[in-house]
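Structural features, examined
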Amino acid sequence: MPILQNKIAIVTGASSGLGRAIALRYAGEGASVVIADTIETPLEGGESTLERIRAGGGKALFVTTDISDWDAVDALVSETVKHFGRLDVMVNNAAIYTSTNLLETTPEQWARVIGVNLTGFFYCCKRAMQQFLTQEPVNDVRGRIINISSQHGMVACPGDFPYGVSKGGIVQMTRQIAVDHADDLVVCNAIAPGKIITGKPGVANDPDSLDYSRRRTPWPRLGAPDDVAGAALFLGSDMASYVTGINLMVDGGWMAG
Ligand SMILES: NC(=O)c1ccc[n+]([C@@H]2O[C@H](COP(=O)([O-])OP(=O)(O)OC[C@H]3O[C@@H](n4cnc5c(N)ncnc54)[C@H](O)[C@@H]3O)[C@@H](O)[C@H]2O)c1
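The notes below deal with the structure included here.

What counts as what
Residues numbered from 1 in each chain as written. Predicted model: local features only at pLDDT ≥ 70, side-chain atom pairs only at ≥ 80, totals over all residues. Heavy atoms only, no water. Helix = DSSP H or I, 4+ residues; strand = E, 2+ residues; numbered from the N terminus. Rg over C-alpha atoms; globule rule 2.2 N^0.38 Å. Contact = heavy atoms within 4.5 Å. Areas by Shrake-Rupley, 256 points an atom, 1.4 Å probe, with all protein chains shown as cover. Near = heavy atom within 4 Å. Polar contact = N/O pair within 3.5 Å; in protein donor to acceptor, adjacent residues only side chain to side chain. Nonpolar A, V, L, I, M, F, W, Y, C, P; charged D, E, K, R; others polar. Axes fitted to C-alpha atoms, helices over the stretch in contact; angles between N-to-C directions. Parallel < 35°, antiparallel > 145°, perpendicular 65-115°, else oblique. Left-handed = near helix turned anticlockwise from the far one by under 90°.

**Some points on the overall build of the protein chain**
Secondary structure summary: the protein chain contains seven helices and seven strands in total. The secondary structure elements of the protein chain, listed N-terminal to C-terminal, are β-α-β-α-β-α-β-α-β-α-β-α-α-β. On C-alpha atoms alone, the protein chain measures out to a radius of gyration of 17 Å, which is about the 18 Å that the 2.2 N^0.38 rule sets for 257 residues. By its C-alpha atoms, the protein chain is 50 × 40 × 35 Å across when sized along the principal axes. Within the protein chain, contacts between residues separated by at least 24 positions form 75% of all contacts whose residues are at least 6 apart in sequence. If you sum the accessible surface of the protein chain, you get close to 11,500 Å²; carbon and sulfur atoms cover 55% of it.

Printed below as a string of structure tokens:
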């Protein structure tokens, strides 16, 4: 039987990169997937995540969502439940960055990064929790939250002040929810990717950044989106029982060194 048979999942930022890989892996394992993003076109090009899933015979829905807007997040979860009947897994993945240090960061940049990466995660966790608490548990779990953090939530992200601060907050948000809602049978975990090559244009793939990541990563290659999707599959499935409040490193050993 597929690992996520009968599960309903929302993946934010699922049009591109890691979110897209998670959505495709989830759909391939039998989940119904709601793709929540501000845009539908993948940053790395190619057909949309919705088209890919439907072409493979999977069930999916695209809902235009800016996670920094409470009303949009509220509508996202309501639409998911209206369409698929419940919510089993909330994957909070969408995030932004500015590549600015403390002095370079403007108040507007700070507000936008925190607004998406922290307030947006808060909105998604809160709205998912509201839904979970209306549902009967399945295999002892009422619902699962997976927050995509980063190794840069534990060690500084060179030259990206608001992003690093937001990722540190996500790690703690995960622990807080795991502890406060264990009695509700809601599981909450994080995944901390190291350097993952997504194919999108821009600073993420500039030679200096790649060189730095290669020097920091013991494993002889950098990460691929599917590496993270595998971890998200485990944490979104019934295989992960009695696992809550962790920040699972998927970093080729970056944080072990
Ligand atoms: N790629 C890496 O090396 C790496 C490393 C560590 C952590 N991460 C984390 O993994 C996650 C995904 O990273 P990625 O590299 O795939 O990013 P990406 O930039 O390729 O994709 C992000 C997606 O989120 C969407 N998005 C942006 N703002 C949004 C908003 N307000 N509401 C809804 N959707 C929004 C974008 O449209 C895009 O589709 C992020 O949380 C990132 O911090 C990535």
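On we go from here.
**What about the site of the ligand?**
Neighbouring the ligand are 29 residues; Asp37, Asn93, Tyr163, Ile196 and Lys200 lie closest to it. The side chain of Ser16 places a nitrogen or oxygen atom 3.2 Å from an oxygen atom of the ligand. Separating an oxygen atom of the ligand from a side-chain N or O atom of Lys200 is a distance of 2.7 Å. Protein burial of the ligand: of its 830 Å² of free accessible surface, 91% is covered by the chains. Class assignment of the residues belonging to the shell around the ligand gives a composition of 12 nonpolar, 11 polar and six charged.

**Comments concerning the packing of helix α4 (residues 107-132) against helix α5 (residues 161-180)**
At a minimum axis distance of 8 Å, the contact between α4 and α5 shows a crossing angle of 15°. Classed by the angle they form, the pair α4 and α5 counts as roughly parallel. When you trace α4 past α5, the crossing you get is right-handed. Residues Trp110, Val113, Ile114, Asn117, Leu118, Phe121, Phe122, Cys125 and Met129 of α4 form the contact with α5, whose own contacting residues are Phe161, Pro162, Tyr163, Val165, Ser166, Gly169, Ile170, Met173 and Ile177.

**Brief notes about the packing of helix α1 (residues 17-28) against helix α7 (residues 225-236)**
Remark: α1 packs on α7, axes separated minimally by 8 Å, with the N-to-C direction vectors making an angle of 50°. When the axis of α1 is compared with that of α7, the two are oblique. Crossing handedness for the pair α1 and α7: right-handed. Along the contact surface, α1 presents Gly17, Leu18, Ala21, Ile22, Arg25 and Tyr26, while α7 presents Pro225, Asp226, Val228, Ala229, Gly230, Ala232, Leu233 and Gly236.

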